[in-house]
Each structure stands twice: as structure tokens, then as C-alpha cells.
Amino acid sequence: MQLDSFYVLGVTYEDLSLVQREEVVKKGSRKILDRLLEIGKIDGYILLETCLRIEIYLETADIEGVKKELNAGVFSIEKNGITGVEYLFQVICGFHSIIKGEDHILSQIKNSYLKELERKNTTKSMNVIFNKAIELGKKFRHKSQISKNALSLEAIALKFIKSHFDDLKNQRILIVGTGEMAVSVLNIFTRNNINNIVMTNRSKKRVIELQKEYQVDALDFKDRYLEIEKSQIIISATAAHHTILENKMMEGLGAMGDKIFLDLGLPRDIDVEIEKHGNIKLYNLDHLWDVYRGNEANRSKLITKYEYLLSDQLDKLIKHFEFKERSRCRNKSLLEQELVS
């Protein structure tokens, strides 16, 4: 692979609203990419879908054909070659995150890469690129210490909820989901001695596993609506592509006490119709960023100070591919000489 066949297509929170990002996810890029891979229009791909960005990293000799298949007009990000690799390096170091240098994007990219690697959807060259990116992401955070005392998304969520209640220890909390974000929220709550927590998921097995580490009550998923009646705070953070908490199943909400619903899913998990009940407050990811305004100046300085790490890693990657190309040409020349002789 020459680096000029490496592409990035994507959209982030900077380009589209939460509702618009939901629509991109619902279109189901993976099915299209799998079909393009099967027919040979692309050689490999890695799909990154988070609450803040949807990005496709791929190797292809026919980017225009791929864009047409993906209806890529919605994608505001299109990078190619060295520029594409540099963009990946910036993303994994948190340069393009709302919270500069945050840790989640590193684990999200790593998990997305490993998922596609297991599905055999990557190429040897993409493996080199992503391994270099992951190595860089770890090194950048270690050297810069940018994440020290960081205000993470789950910390923002906690701060946001605290702004609505005088004492969280007296509130009953329901967490729906057991993915990375849900567990991060659970972790920061318990670290702050907030333990009146009930957790549910389609697979109760995972909740039971979490009980070994956290003080949490396990709930059958089918009983989630009954638990909502008892809880004052409901947090949903699943990867489902459909509504998890439907208004028609919660028609009695209006007769209950004040409740806060926090939807951390993308697409959103909670039916927006619940807001018609005057005692209900529904918030989502876009609301959380109103809480976050600090630390940006200091983080920007750290990014500038340690940006050289990206340049160094990019130089190493370019040299790797240049060496591979020279070796390929040399072997080809030797083969031609043998055939002539």
C-alpha cells in the first residue's frame, strides 16, 4: 500500500448536531462497507462510532466510487495519505476532542481497531498505521500528563447532576447499560461515595459481574420501567440503535416526583416525549458541554508543547513505508534480472 490509498471520511460534533449524527449512525455504514470489502472496492476499513464522531478509515484505489456508495456528502472530513495519517494521530491524542487530550478517544480507537482486526477487515498497512497511532496516543499522554486531574465526560455528568441535587447520597440512581461509558459513570459515582445505584442491561450477566467490583443492585432489563418509578435519577448509556426507554411505557411519570433523565447514548436511548411531563427534565450529551469551560488554555499549551511527538511518529511511519517500497523495488529488479539471465 502506498500511503496515498489511505483515506479518512467522517463527521464530528463540530459539524453536525446530536440529531444529525444520529441519522448518520442509523444509515448503517457498516453494512455498506462490508459489501464494498466483499466486492473488492475497498481493501480494508476501520469504523469508529462514538457519541461525538463517526469516522471511517479505509484503504482503497477508488475513493470516488466508495463515496458514492456511502452517500458521503454528509461527511465534512475527507483526508488522504500523509494528511489522513496525521489527522488520525491528532484524533487519538485528543487534539480534536471537546476535552483536549481526554483518554476515552484513545481506548475508543483502539477498541474499534481491534474489532475490525478480529473481523479481518484491516490490511497489513492499516495495521502498521493504527499500531503506530495507538503507541503515539499512549506516549503523548504519558509525556504531557495532559489527562492529570482531567475533567472527563463522566466527571462532567456527575458535576451536571450535582447541580440539580443538594445531596446525591439520598437519591436513587438507575443506570441503563454496561458499556464503557456506563461503567465509567458507575466508577466515578462510587468513588464519590454515591452507592444507591441500580444497574440494568439486556444481559444481566454483565451486571452481576460488575457487582463483584462495585456496590450496585442488579435489575432484570424487563423491570426497568418499574425501577424508574422508584428512582430520581435515570442515566442511559447504551449502544442500541433504537429507543430503550419509551414514553408510552412511562405514562405515569406525570404523577411521580421530580426526576432527571440523562441520555448518554448515540443514537439517543430515551424518548424525547417524556419532556411533556412537567416534573421531568431530560438532558443529553449536548447539554453537558455547557458545564465544561475550564482547563482549555492549559491543555492547549500542553498540546503545543508536545506536538513534536506527532511529527516524530509521522517521520518514523513514512520511513517505514519508504523502506518497504525500496525493498519491493529491489526484489522486483532482482527477479527481472534472474528472468533475463
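Residues numbered from 1 in each chain as written. Predicted model: local features only at pLDDT ≥ 70, side-chain atom pairs only at ≥ 80, totals over all residues. Heavy atoms only, no water.

The name that an unreviewed UniProt entry assigns to the protein chain is Glutamyl-tRNA reductase, with the source organism given as Psychrilyobacter piezotolerans. Quoted verbatim from the Subunit (unreviewed entry) field of the UniProt record, the comment on the protein chain reads "Homodimer." (UniProt positions renumbered as here; feature names shortened; annotations may be inferred.)

Which residues make up helix 5 (residues 104–118), and what values do they have?
Look at helix 5: 21 Å from first C-alpha to last across 15 residues, which is about the 21 Å you get at 1.5 Å a residue. Among the residues of helix 5, His104, Ile105, Leu106, Gln108, Ile109, Ser112, Tyr113 and Glu116 are the ones counted as buried. (Helix = DSSP H or I, 4+ residues; strand = E, 2+ residues; numbered from the N terminus. Expected span 1.5 Å × (residues − 1). Buried < 20%, exposed > 50% of the residue type's maximum accessible area, 1.4 Å probe, protein only.)

Any details on the nonpolar core? Residues and values, ideally.
Ranked by size, the top nonpolar core spans 59 residues in total, and within it Phe189, Ile235 and Leu264 carry the most contacts. Residues contacting Ile235, with those up to four places away along its chain left out, are Ile161, Ile173, Leu174, Ile175, Val176, Val185, Phe189, Leu262 and Leu264. Residues Val8, Leu48, Leu302 and Tyr306 belong to the second largest nonpolar core, which totals 35 residues. (Core = buried A, V, L, I, M, F, W, Y, C linked by side-chain atoms within 4.5 Å. Contact = heavy atoms within 4.5 Å.)

An account of the UniProt feature "binding site: substrate" (unreviewed entry) in the protein chain is needed here, citing residue identities and associated values.
The positions UniProt marks with the feature "binding site: substrate" (unreviewed entry) are Thr50, Cys51, Leu52, Arg53, Ser97 and Gln108. A maximum C-alpha distance of 12.3 Å places the annotated residues, which cover 59 residues in sequence, within one compact spot. From the list above, the largest cavity is lined by Thr50, Cys51, Leu52, Arg53, Ser97 and Gln108. Mapped onto the secondary structure, Leu52 falls in the loop between strand 2 (44–49) and strand 3 (53–59). Within the secondary structure layout, Arg53 lies in strand 3. Filtering out sequence-adjacent residues up to four positions away, Arg53 remains in contact with Val11, Thr12, Tyr13, Leu48, Tyr87, Val91, His96, Ser97 and Ile105. (1 Å grid on protein atoms, 1.4 Å probe; cavity = no way out; pocket = protein on both sides within 12 Å on 5 of 7 lines; lining within 4 Å.)

Give me the sheet that holds strand 4 (residues 77–80): which residues, what numbers.
The strand order across the open sheet formed by 4 strands is 2-3-1-4, and the pairing between neighbours is antiparallel. Each of the sheet's edge strands pairs with one partner strand only, and the pair in question is strand 2 and strand 4. For this sheet, the mean angle separating the axes of adjacent strands, direction not counted, is 10 degrees. As paired elements, strand 2 and strand 3 share 6 bridges and run antiparallel to each other. Among the inter-strand pairings, Leu48 is bridged to a residue of strand 3, identified as Glu55. The strands touched by helix 3 (residues 63–70) within the sheet are strand 1 (6–12), strand 3 and strand 4, with strand 1 carrying the most contacts at an inclination of about 30 degrees. (Pairing = 2+ DSSP bridges. Axes fitted to C-alpha atoms, helices over the stretch in contact; angles between N-to-C directions.)

Describe in detail the sheet that holds strand 10 (residues 280–284), supporting the description with residues and values.
Taken together, 6 strands build an open sheet; the order of strands is 7-6-5-8-9-10 and the sheet is parallel. For this open sheet the edge positions go to strand 7 (217–220) and strand 10, each flanked by a neighbour on one side alone. Sheet twist, expressed as the average angle between the axes of neighbouring strands with direction ignored, equals 20 degrees. When strand 6 (residues 197–201) meets strand 7, the two strands line up parallel, connected through 4 bridges. Residue pairing across strands places Val198 opposite Asp217, the latter belonging to strand 7. The strands touched by helix 8 (residues 180–191) are strand 5 (173–176), strand 6 and strand 8 (233–236); relative to strand 6, the strand with the most contacts, the crossing angle is about 170 degrees. Seen against the sheet, helix 9 (residues 204–211) touches strand 6 and strand 7 and runs at an angle of roughly 175 degrees to strand 7.

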